[in-house]
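# Fold and geometry: a report
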Amino acid sequence: MQRMGYEQWGLNRMFEPEPGFSGKVMVEDAQIDLELDVKSKERVTHFGKRGRATTVFSMKSEALSGLQRDPRFPNESSELVAKLYWPEETRQGEPDILKEVYKIAQTDPDVRGHVPELVWFHKFEETSTSKIRVALGLKDAERAEQGSRVLYIIVFRKLIPITTLSGEAFIAAWWQVVKCHRALWKGGVLHRDVSPSNLMVYRLRGQFIGVLNDYDLSSFKCDGPRGLERTGTLPFMAADLLTPDAMAGKVEHVYAHDAESLIWVLTWVCLRYELRKNRPLEEWLKVDASLCQARKAQFWSIEIRNVCPSTSHAESWDLVRKCFRGIYSLYTPFEYRKLADESAFQLLLEGPKLEHDNRRRTY
């Protein structure tokens, strides 16, 4: 194994011709120059024994920066970021999902301006892991793509994490994301991975505008999910989706599940962002689905009475408590109470938000 070369370990020589390389590279077949800031403190990496190995870099590109700006996207930032990742080949590609998202945005103001701007993408067909499986005789050619992965690079206009906001600016941006998600669900696009890292903002005329980001696990309602990869991030998934049957794909994913995820994101940010140590809910990042489900039930039935939000999110905590009244009502001792989409929206999100706004006006 010590005799194996750098490339034989599966590392892509285009972006890093040799260990430690940092400079400009060229995607030859597309004639696009890329300079990835691999040493940036803003670099975001998600590595593990399985998954997409997503890495997001700040970047520069003379070719892409010279493109005419798309008037559909009001984000005024001139900065770009590159997302490199290995999605399952059988899953609908993020560029295809975004193409449908942009169609919905043309006629729906709740989506327009609240989705990321895709500037350019490239699929490296030669990196498909199905070729390795066929070469090793592990699977025949017809079945090789099931579960196989391929390298993508997607360049987006740079956004700001919503977790940098607090107070009413945070609530306003979060609510814009809630409405965008709801409109996309009605339009047949299921996001399937609501988490704090996928809620972003950008500045526009002195205000922060909320963006629902990251569609690489999304699907179309008419198709259902494809591939073998479980979608969602455990601490933010609805408790009903953390059962063994749900994790095996035997529970229907309904709108109320995503509404609950949006509430968990709200809760997570209110409790954790500002603290450097002893952060509440830390254990949820380390447990399996079954234990995470138990911790969530314990939280909404007992712990929520005793925890305190960070100082900058104190006003938002009133909304969190109102939202949890709805969640609590869904989990009966005998079964999960299923609601129509509009009823779930009103119970879990719209009703609590109206109560919160009315309460603020009276003070």
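The paragraphs below set out a description of the structure included in this document.

About the cut-offs
Residues numbered from 1 in each chain as written. Predicted model: local features only at pLDDT ≥ 70, side-chain atom pairs only at ≥ 80, totals over all residues. Heavy atoms only, no water. Salt bridge = Lys/Arg side-chain N within 4 Å of Asp/Glu carboxyl O. Helix = DSSP H or I, 4+ residues; strand = E, 2+ residues; numbered from the N terminus. Buried < 20%, exposed > 50% of the residue type's maximum accessible area, 1.4 Å probe, protein only. Pairing = 2+ DSSP bridges. Lys, Arg positive; Asp, Glu negative; His and termini not counted. Contact = heavy atoms within 4.5 Å. 1 Å grid on protein atoms, 1.4 Å probe; cavity = no way out; pocket = protein on both sides within 12 Å on 5 of 7 lines; lining within 4 Å. Points joined across faces, edges and corners; volume = space filled by probe spheres on them. Nonpolar A, V, L, I, M, F, W, Y, C, P; charged D, E, K, R; others polar. Axes fitted to C-alpha atoms, helices over the stretch in contact; angles between N-to-C directions. Left-handed = near helix turned anticlockwise from the far one by under 90°. Parallel < 35°, antiparallel > 145°, perpendicular 65-115°, else oblique. Expected span 1.5 Å × (residues − 1). Bend = angle between axes of the 7 residues up to and from the residue. Core = buried A, V, L, I, M, F, W, Y, C linked by side-chain atoms within 4.5 Å.

## A closer look at the pattern of salt bridges
Throughout the structure, instances matching the rule amount to 17 salt bridges. Glu168 serves as the salt-bridge partner of Arg360, at 3.3 Å between the closest nitrogen and oxygen. Note that Arg360 is positioned in helix H9 (residues 341-361) and Glu168 in helix H4 (residues 167-186), a separation of 192 residues in sequence. Looking at Arg360, the relative accessible area reads 40%, which means it is partly exposed. By relative accessible area, Glu168 is classed as partly exposed at 25%. A single salt-bridge network, built from bridges that share partners, covers Lys83, Glu94, Asp214 and Asp216.

## So, the pairing of strand S6 (residues 118-124)
Taken across its 7 residues, S6 has 5 buried, putting it largely inside the fold. Sheet analysis places S6 next to strand S7 (residues 151-157), joined by 6 bridges and oriented antiparallel. Within S7, the residue paired with Phe124 across the bridge is Leu151.

## Overview of the side chain of Lys296
Locating Lys296 in the fold gives a position in helix H7 (residues 289-301). The charged side chain of Lys296 is buried without a salt bridge, its nearest counter-charge being Glu260 at 5.3 Å. Leave out the neighbours within four places in its chain, and Lys296 touches Leu234, Pro235, Phe236, Met237, Ala239, Leu242, Trp264 and Trp284.

## A closer look at the pairing of strand S10 (residues 199-204)
Of all the 6 residues making up S10, 5 are buried; the element is thus mostly covered by neighbouring parts of the structure. Across 2 bridges, the pairing between strand S8 (residues 160-161) and S10 is antiparallel. Bridge pairing in S10 links Pro161 to Met200. Sheet analysis places S10 next to strand S11 (residues 207-212), joined by 6 bridges and oriented antiparallel. Its bridge partner lying in S11, Arg203 is registered against Phe208. Linking S10 back to S11 in an antiparallel pair, the connection comprises 2 residues, with Arg205 at a positive phi of about 50°.

## Quick word on empty space enclosed by the protein
This model, assessed by the stated rule, comprises 3 cavities of 30 Å³ or more. There is about 60 Å³ of room inside the largest cavity. Taken together, Phe73, Pro74, Asn75, Gly113, Val115, Pro116, Glu117, Arg157, Leu159, Tyr202 and Val211 make up the full set of residues lining the largest cavity. For the lining of the largest cavity, the residue count by class is 7 nonpolar, 2 polar and 2 charged.

## What about the packing of helix H6 (residues 255-272) against helix H8 (residues 314-330)?
Orientation of H6 relative to H8, taken along the N-to-C sense of each, is 145°, at an axis distance of 10 Å. In this structure, the crossing between H6 and H8 has a hand that is left-handed. Across the interface between the two elements, Glu260, Ile263, Trp264, Leu266, Thr267, Cys270 and Leu271 of H6 pack against Ser316, Trp317, Leu319, Val320, Cys323, Phe324 and Ile327 of H8. For the contact of H6 with H8, the class distribution of residues is 11 nonpolar, 2 polar and 1 charged.

## Side note on the sheet that holds S11
By way of backbone hydrogen bonds, the strands of a sheet pair with one another, either parallel or antiparallel. What the 3 strands build is an open sheet, ordered S8-S10-S11; its pairing is antiparallel. The strands lining the two open edges of the sheet, one partner per strand, are S8 and S11. Lying over the sheet, H4 contacts S10 and S11, oriented at roughly 35° with respect to S11.

## Quick notes on the packing of H4 against H8
The contact between H4 and H8 brings their axes to 8 Å, and the two run at 40°. Relative to H8, the element H4 is oriented oblique. Along the contact surface, H4 presents Gly167, Glu168, Phe170, Ile171 and Trp174, while H8 presents Glu315, Ser316 and Leu319. Partitioning the contact of H4 with H8 into residue classes produces 4 nonpolar, 2 polar and 2 charged.

## Notes on H9
The end-to-end C-alpha distance of H9 is 29 Å, a good match for the 30 Å that 21 residues give at a rise of 1.5 Å each. The sharpest bend along H9 comes to roughly 40°, located at Leu347. Those residues of H9 that fall on the buried side of the exposure criterion are Ala344, Phe345, Leu348, Leu349, Pro352, Lys353, His356 and Asp357. Looking at the buried positions of H9, the neighbouring elements they touch are H4, H6 and H8.

## Quick look at unusual backbone geometry
The phi angle of most residues is negative, glycine excepted, and most peptide bonds adopt the trans form. Non-glycine residue Arg192 carries a positive phi angle of around 75°. Tracing the chain through its elements places Arg192 in the loop between strand S9 (189-190) and S10. A relative accessible area of 9% places Arg192 in the buried class. One non-glycine residue, Arg205, adopts positive backbone phi at about 50°. Along the chain, the position of Arg205 falls in the loop between S10 and S11. According to the relative accessible area criterion, Arg205 is exposed, its value standing at 71%.

## Brief notes about the nonpolar core
Counting residues in hydrophobic clusters, the biggest one holds 79 residues, and the most contacted among them are Val101, Val111, Trp174, Leu184, Phe299, Phe324 and Leu349. At 12 residues, the largest contribution of residues to this core is made by H6. If you look at the next biggest cluster of nonpolar residues, it comprises 18 residues, including Val25, Leu80, Leu151 and Ile153.

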